[in-house]
Amino acid sequence: MTPANPKLKNRLGESLSGAQIIWEALVREGVEVCFGYPGGAIMPAYDAMIQYPIHHVLTRHEQGASHMADGYARASGQVGVCIATSGPGATNLITGIATAMLDSIPMVCITGQVPSALIGSDAFQETDITGCTIPVTKHNYLVTKPEQIAPTIREAFYVARSGRPGPVLVDITKDAQQQSCVFDWNDDEIELPGYRPDYAPPPEQLEEATALINSAKRPILFAGHGIIKSQATEVFTEFVEKTNIPVASTLLGLGGFPATHRLNLGMMGMHGETWVNKAIQDADLIIAVGMRFDDRVTGNLKTYAPNAKKIHIELDPAEINKNVYADVPIVGDAQAVLTELLPHVEECARPEWLAYIDEIKGDSAVRDIKNLPDLGKLYAAHVIHDLYRFTEGKALVVTDVGQHQMWEAQYYKHDYPRKLLTSGGLGTMGFALPAAIGAKFAQPGDSVWVICGDGGFQMTQAELSVCAQEGIKVNVAIINNGFLGMVRQWQQFFFGGRYVATPLLSPDFVKIAEAHGLTGIRVETRAEVEDAVRVAESTEGTVVIDFRVEQEDAVYPMVPAGANLHDMIQRPKPGAQEHNPIFETGEDE
Amino acid sequence: MSQSVKRTFAVFVEDKPGVLNRVASLFRRRSYNIDSLNVGATHEPGVSRMTIVCDADTDKARRIEANLYKMVNVLWVDDITHKQTIDRVLALIKVNCNREQRDEVLKICEVYRARAIDMSPDRITIEITGARDKVEGLVSVLKPFGILELVQTGTVAMTRGMEKHDLAHPTVPASRNDAA
């Protein structure tokens, strides 16, 4: 049960307005900060807010509010909260809600609605936001009476955080906020007859899985987002060390298992490491934990992991057999299932399989960045690798979407969970800066870095004002290549090199920072990177670094969309493309 | 991959505003094409029952079931495709029919156990209840007379015999993994 906030006056049994009850409920759910934007239909709630111990962050756009709540939730594991008015306020939240939905982020969105008597009349700023958000929320509610507010918000938090988490929207009419009723708060267990968030793994399937694991010669483990969500890092690591099964991660799984662990192979999929994808294609057993075989992970399903039996450990039954057929499906919480399996799996050294993977690593491998000659040009990979080194791998990094996101996944090695926040499922540009602000509120002690492109940054750069107004410090590394880089890369590879609508003129980002009263730094050579990172780390307020990187670099290796996982486009060998000194040297670091 | 067949789901949902919209939205969003959907009250207060017919192979049917279960307002899903069921459609058919044709049309009705429920000098309205193929049969026989209007419900279905659902205490099948 939620302990009542000591700062909260006990008003149980008193007559309160619906607006007051909203905040009573939020405080009782443990909310300390919320992100939002006021407007007509939510004004009563805003008016009541000042009576309650909740810090409100005024965003510059409602999309920023939903991304901030999302970033807060990802960084803390708690439910993030955003609030907006009816109509455009509510619709502006939708991109952030969909982002949270696709990555299973627990979030509660409160929206104001026109008075209930006006619903359906196309009133000023009326939108059917519950109708709009049915496909992109886990669940949503329309509340028209003050006495429904407390139980609905309580239920919304429960639904948002239980089972496979997700965003829940509560739309509250203006009259429900204005009317009063006797405030009641029921701490009993929530009864939702049709809602079944948790499944216990059945013993037969655990036995089948154990048998497969103990007899496999070339097994591979997949670490998905579910490892982080169910706090399974510890038991997963034990499982890996006992069985000596190498680990491949999804993008959202990065950090769930230490990147520098000897059995961590790295990321799989479209921009995964070549040897990881090769190992998957050669494996005789896949044990997928808390992931959903996204198309970015599998490539062509017809040729995907043809030799492997699949054990699919996943909390959501609807994900089983969706893309990849599971020989042994285990519906359950990752931590619970691994804990059950651990005592029954056998210790095994697997020298041949591990040696084989080492061998294919040697063949196809790695970007040996540290030893690259400094040709005076700045590559994004340099920047991100240096960021990793100078922050000692300890920063909480929030990325946007595109080339820099993939380079981050490849070059910034995350050893801890919840230190990489990225929009994986929806791929939402503009996510990074607001999500980082939310994350900083959740983890004020962390060094929070935004890594974003010049395109994505401009989508939500107005939120820099929030950094200034709130005195919040995040560091922003703009990987500025003058293009919408990932789209440009696809144009280069797949559209005959026609750069349609991808060259991008940007403002002077240093001046943009300064215009907000923040610090801006421009970096054009590799020699300047370290200084810039150190200045950013030691400066009190938010710092924006404009890294002017090579314009037409590409993310390698790459599985073209829908191609076979083992057919990867490799970085051209040295000499083949003189201007590009990053090549695969065959040495890992 | 098993073959795609017509599937019938009995879906018990909370009787709340917008639930039909949620269920329909799920089918649309996941590209599950609905053949027919029927919804109405049950004997249990607060519980509505939907009968949803759609094309799906075994895997898709499981995923439809699992996705329905994910919805907060869905209480119970039963894929009754391969169970012994009673399936019924109701149709009202208005056809051209003059005095000379009347006897013939009424005889056809008799064969199909349909009833004439309205009549005017040159037309007749027929009500039929039955399995979908029976209704389709009657419609094709009446076509030559000239069908003026046709309205029909979606399929409603119920399992035969003893099986029944305890709607007051819905529980998930013991192992949801089977249905996964």
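Since we're looking at a predicted model, the values are computed, not measured.

### Description of the overall build of chain B
Scanning chain B from terminus to terminus reveals five helices and nine strands. Along the chain direction, N to C, the helices and strands of chain B fall in the order β-α-β-β-α-β-β-α-β-β-α-β-β-α. Residues classed as buried in chain B amount to 31% of the 180 residues present. Partitioning the intrachain contacts of chain B with sequence separation of at least 6 by distance along the chain shows that 75% fall at a separation of at least 24.

### Observations concerning the overall build of chain A
Within chain A, the regular secondary structure consists of 22 helices and 20 strands. Expected size for 589 residues packed as a compact globule is a radius of gyration near 25 Å; at 25 Å, chain A falls within 12% of this value. Each principal axis of the C-alpha distribution contributes one length, and for chain A these read about 75 × 65 × 45 Å. Looking at chain A as a whole, 55% of its 589 residues qualify as buried. Pairs at least 24 residues apart make up 76% of the contacts formed inside chain A by residues separated by at least 6 positions.

### Regarding the packing of helix α15 (residues 380-390) of chain A against helix α22 (residues 529-538) of chain A
All names here are of chain A. Relative to each other, α15 and α22 sit at 50°, their axes nearing to 10 Å. Considering their axes alone, α15 and α22 lie oblique with respect to each other. Of the two possible hands of crossing, α15 and α22 adopt the one that is right-handed. Contacts between α15 and α22 involve H382, V383, D386, L387 and F390 from the former and V529, E530, V533 and R534 from the latter. Taken together, the residues of the contact of α15 with α22 sort by class into five nonpolar, one polar and three charged.

### Regarding the pairing of strand β13 (residues 309-314) of chain A
All names here are of chain A. With six of its six residues buried, β13 lies for the most part within the structure. Side-chain alternation along β13 places K309, I311 and I313 on one buried face and K310, H312 and E314 on a second face that is also buried. With five bridges joining them, strand β12 (residues 285-289) and β13 adopt parallel strand pairing. Pairing of I286 across the sheet is with K310, part of β13. In the sheet, β13 pairs with strand β14 (residues 328-331) via four bridges, with the strands oriented parallel. Residue E314 lies in a different strand from β14, and its bridge partner there is V331.

### Some thoughts on the domain arrangement of chain B
Residues and elements named next belong to chain B. Domain annotation for chain B reports domain 1 (5-83) and domain 2 (86-156). On a C-alpha basis, the centres of domain 1 and domain 2 stand 29 Å from each other. Facing six residues of domain 1, the contacting portion of domain 2 comprises five residues. Of all the secondary-structure elements, those providing two or more residues to the side of domain 1 that touches domain 2 are β2 (34-41) and β3 (47-56). When its residues are assigned to classes, the side of domain 1 that touches domain 2 shows two nonpolar, four polar and no charged.

### Overview of the packing of helix α1 (residues 18-28) of chain A against helix α6 (residues 146-161) of chain A
Residue and element names in this part refer to chain A. At a minimum axis distance of 9 Å, the contact between α1 and α6 shows a crossing angle of 20°. In terms of their interaxial angle, α1 and α6 are classed as roughly parallel. Seen along the crossing, α1 lies across α6 with a hand that is right-handed. Across the interface between the two elements, G18, I21, I22, E24, A25 and L26 from α1 touch P146, I149, A150, I153 and R154 from α6.

### A few points about the domain arrangement of chain A
All names here are of chain A. Segmenting chain A into domains produces domain 1 (15-182), domain 2 (203-363) and domain 3 (369-548). The C-alpha-based centres of domain 1 and domain 3 are spaced at 30 Å. Listed as interface residues are 24 residues of domain 1 and, on the opposing side, 26 residues of domain 3. Of all the secondary-structure elements, those providing two or more residues to the side of domain 1 that touches domain 3 are β2 (33-36), α3 (62-76) and α4 (88-102). Taken together, the residues of the side of domain 1 that touches domain 3 break down into nine nonpolar, 11 polar and four charged.

### So, the interface of chain B and chain A
Across the contact, 24 residues belong to chain B and 22 residues belong to chain A. Of all the elements in the fold, those that place two or more residues in the side of chain B that touches chain A are α1 (19-29), α2 (58-70), β4 (74-79) and α5 (176-179) of chain B. Per-element tally for the side of chain B that touches chain A: the top contributor is α2 of chain B, with seven residues. Grouping the constituent residues of the side of chain B that touches chain A by class yields nine nonpolar, seven polar and eight charged.

### A look at unusual backbone geometry
All names here are of chain A. Note the cis peptide between Y556 and P557, where omega equals -15°. Along the polypeptide, P557 turns up in the segment after β20 (543-548). If you check the backbone angles, Q125 has positive phi at about 55° while not being a glycine. On the secondary structure map, Q125 appears in the loop between β5 (107-113) and α5 (129-133). The residue N244 is not glycine, and still its phi comes out positive at about 55°. Along the chain, the position of N244 falls in the loop between α10 (233-243) and β10 (247-249).

### Thoughts on helix α16 (residues 403-411) of chain A
Because an α-helix packs 3.6 residues into every turn, residues spaced three or four apart end up facing the same way. Extensive coverage of α16 of chain A is indicated by the burial of eight of its nine residues. Looking at the buried residues of α16 of chain A, the elements they touch are β11 (264-267), α15, β15 (396-399), β17 (448-453), β18 (475-480) and α20 (485-494) of chain A.

### Remarks on the sheet that holds strand β4 (residues 80-84) of chain A
Residues and elements named next belong to chain A. Ordered by their spatial adjacency, six strands build an open sheet running β3-β2-β4-β5-β7-β6, and the pairing between neighbours is parallel. The open sheet has two edge strands with one neighbour each: β3 (55-58) and β6 (139-143). For this sheet, the mean angle separating the axes of adjacent strands, direction not counted, is 20°. Across two bridges, β2 lies against β4 in parallel orientation. Across the sheet, residue G36 finds its bridge partner in β4, namely I83.

Reading the values: the criteria
- Residues numbered from 1 in each chain as written.
- Chains lettered and ligands numbered in written order.
- Predicted model: local features only at pLDDT ≥ 70, side-chain atom pairs only at ≥ 80, totals over all residues.
- Helix = DSSP H or I, 4+ residues; strand = E, 2+ residues; numbered from the N terminus.
- Buried ≥ 20, exposed ≤ 12 C-beta atoms within 10 Å, placed from the backbone.
- Contact = placed C-beta atoms within 7 Å.
- Rg over C-alpha atoms; globule rule 2.2 N^0.38 Å.
- Axes fitted to C-alpha atoms, helices over the stretch in contact; angles between N-to-C directions.
- Parallel < 35°, antiparallel > 145°, perpendicular 65-115°, else oblique.
- Left-handed = near helix turned anticlockwise from the far one by under 90°.
- Nonpolar A, V, L, I, M, F, W, Y, C, P; charged D, E, K, R; others polar.
- Pairing = 2+ DSSP bridges.
- Domains from an automatic or database assignment.

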